[in-house]
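# Topology and contacts: notes
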Amino acid sequence: MRLLVIHCHPVAESFGAALRDTVLEAARKAGHEVRLRDLYAEGFDPVMGAQERLDYHTAGLNEAPVKDHLEDLRWAEGLIFTYPTWWFGQPAMLKGWLDRVWVPHVVFTMPDETQGIGPALTNVRLSGVASTLGSSWWVWTLMGAPGRRILLRGVRACCHPRCKTFWLGLHEMDTATADQRAGFLAKVRRRIARIA
């Protein structure tokens, strides 16, 4: 499978980087073709400017500012997101990537008088997340797990109708022991190895 890994963490020496590297290593070991988008490392600008917003609904014009990212999305059969969950959702950098890159006519179809928004990224048959969370599982669940919903429901709605999803989260990251962190990386490794 052609897997696009979207990584978002500002610290190169973080546990998030170990998480990214575990996903990449396991995917390559399983024989998948892998591309990486490391948003902080490449200096991705998450801010949509005025002209970009004005051009957002115009096919072609909306692609120009993020052409290389769209090429990766068109290439991918699976997406795997690695990032820390901050304030119950994605870091602003990753949210900005979704805002700017997930454009109409490429990722989803625009509604008209007879039908609503539809999926256009039907080449993508898998969407998965490996994230760390400072909160406990029950607090995060009480809040409605907004980050999970955005990626496993919102993103999935733009993909193939039979797109499979998975979520792997290490809760209470701030107090996790070395053994718990290692156990989580092993869990991630096993899940990536099962991707068909």
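Scroll up for the structure.
First things first, this report covers the structure right here in the doc. All values derive from a computational prediction rather than experimental measurement.

## A few points about the sheet that holds strand S2 (residues 33-38)
Strand pairing in a sheet takes place through backbone hydrogen bonds and is either antiparallel or parallel in direction. Read from one edge of the open sheet, five strands run S2-S1-S3-S6-S7, paired in parallel fashion. Looking along the sheet, the strands with just one partner apiece sit at the ends: S2 and strand S7 (164-170). Neighbour-to-neighbour, the strand axes of the sheet open up by a mean angle of 15 degrees, direction not taken into account. Bridge analysis of strand S1 (residues 2-7) against S2 gives six bridges, and the strand direction is parallel. Its bridge partner being in S2, histidine 7 is matched across the sheet by aspartate 38.

## Some points on the nonpolar core
By size, the foremost hydrophobic cluster in this structure holds 38 residues, and its most contacted members are Leu73, Leu79, Phe81, Trp97 and Trp102. Of all elements in the fold, only S1, helix H3 (67-75), strand S3 (78-85), helix H4 (92-101), strand S6 (126-133) and helix H6 (146-155) reach the threshold of two or more residues within this core. Here this core gets five residues from one element, more than from any other, and that element is H4. Setting aside residues no more than four positions away along its own chain, tryptophan 97 makes contact with Ile6, Leu39, Phe44, His69, Leu73, Phe81 and Trp102. Grouped together as the second largest cluster of nonpolar side chains are 22 residues, Val5, Val23, Ile80 and Leu170 included.

## Observations regarding unusual backbone geometry
Its identity as a non-glycine residue notwithstanding, phenylalanine 88 has a phi of 70 degrees, on the positive side. Along the chain, phenylalanine 88 falls in the loop between S3 and H4. With a relative accessible area of 19%, phenylalanine 88 lands in the buried category. In this model, histidine 105 sits at a positive phi of 80 degrees, which is unusual for a non-glycine residue.

## What to know about the side chain of arginine 191
Tracing the chain through its elements places arginine 191 in helix H7 (residues 178-193). For arginine 191, which is buried and forms no salt bridge, the nearest opposite charge comes from glutamate 77, at a distance of 14 Å. Discounting chain neighbours no more than four positions away, the residues touching arginine 191 are Phe166 and Leu168.

## As for the packing of aromatic side chains
Centre-to-centre distance and the angle between the planes together describe a pair of aromatic rings. Tallying each qualifying case throughout the model produces three aromatic pairs. An aromatic cluster is defined as three or more aromatic residues linked by ring pairs; in this entry it consists of Phe81, Trp97 and Trp102. In this structure, arginine 35 packs its charged tip against the face of tryptophan 75, placed 4.1 Å from the ring centre.

## Some points on the state of the cysteines
As enumerated under the stated definition, the model contains zero disulfides in all. Considering cysteine sulfurs only, cysteine 159 is the nearest to cysteine 158, which forms no disulfide, with 6.4 Å between them. Cysteine cysteine 159 remains unbridged, with the sulfur of cysteine 163 as its closest cysteine sulfur at 4.5 Å.

## Structural notes on the pairing of S1
Most of S1 sits out of view: five of its six residues are buried. Judged from the five bridges that link them, S1 and S3 form a sheet pairing that is parallel. Following the sheet pairing, valine 5 is matched in S3 by isoleucine 80.

Rules used in this analysis
- Residues numbered from 1 in each chain as written.
- Predicted model: local features only at pLDDT ≥ 70, side-chain atom pairs only at ≥ 80, totals over all residues.
- Heavy atoms only, no water.
- Pairing = 2+ DSSP bridges.
- Helix = DSSP H or I, 4+ residues; strand = E, 2+ residues; numbered from the N terminus.
- Axes fitted to C-alpha atoms, helices over the stretch in contact; angles between N-to-C directions.
- Core = buried A, V, L, I, M, F, W, Y, C linked by side-chain atoms within 4.5 Å.
- Buried < 20%, exposed > 50% of the residue type's maximum accessible area, 1.4 Å probe, protein only.
- Contact = heavy atoms within 4.5 Å.
- Lys, Arg positive; Asp, Glu negative; His and termini not counted.
- Salt bridge = Lys/Arg side-chain N within 4 Å of Asp/Glu carboxyl O.
- Phe/Tyr/Trp six-rings, centres within 6.5 Å; stacked < 30°, edge-to-face > 60°.
- Lys NZ or Arg CZ within 6 Å of the ring centre and 35° of its normal.
- Disulfide = S-S within 2.5 Å.

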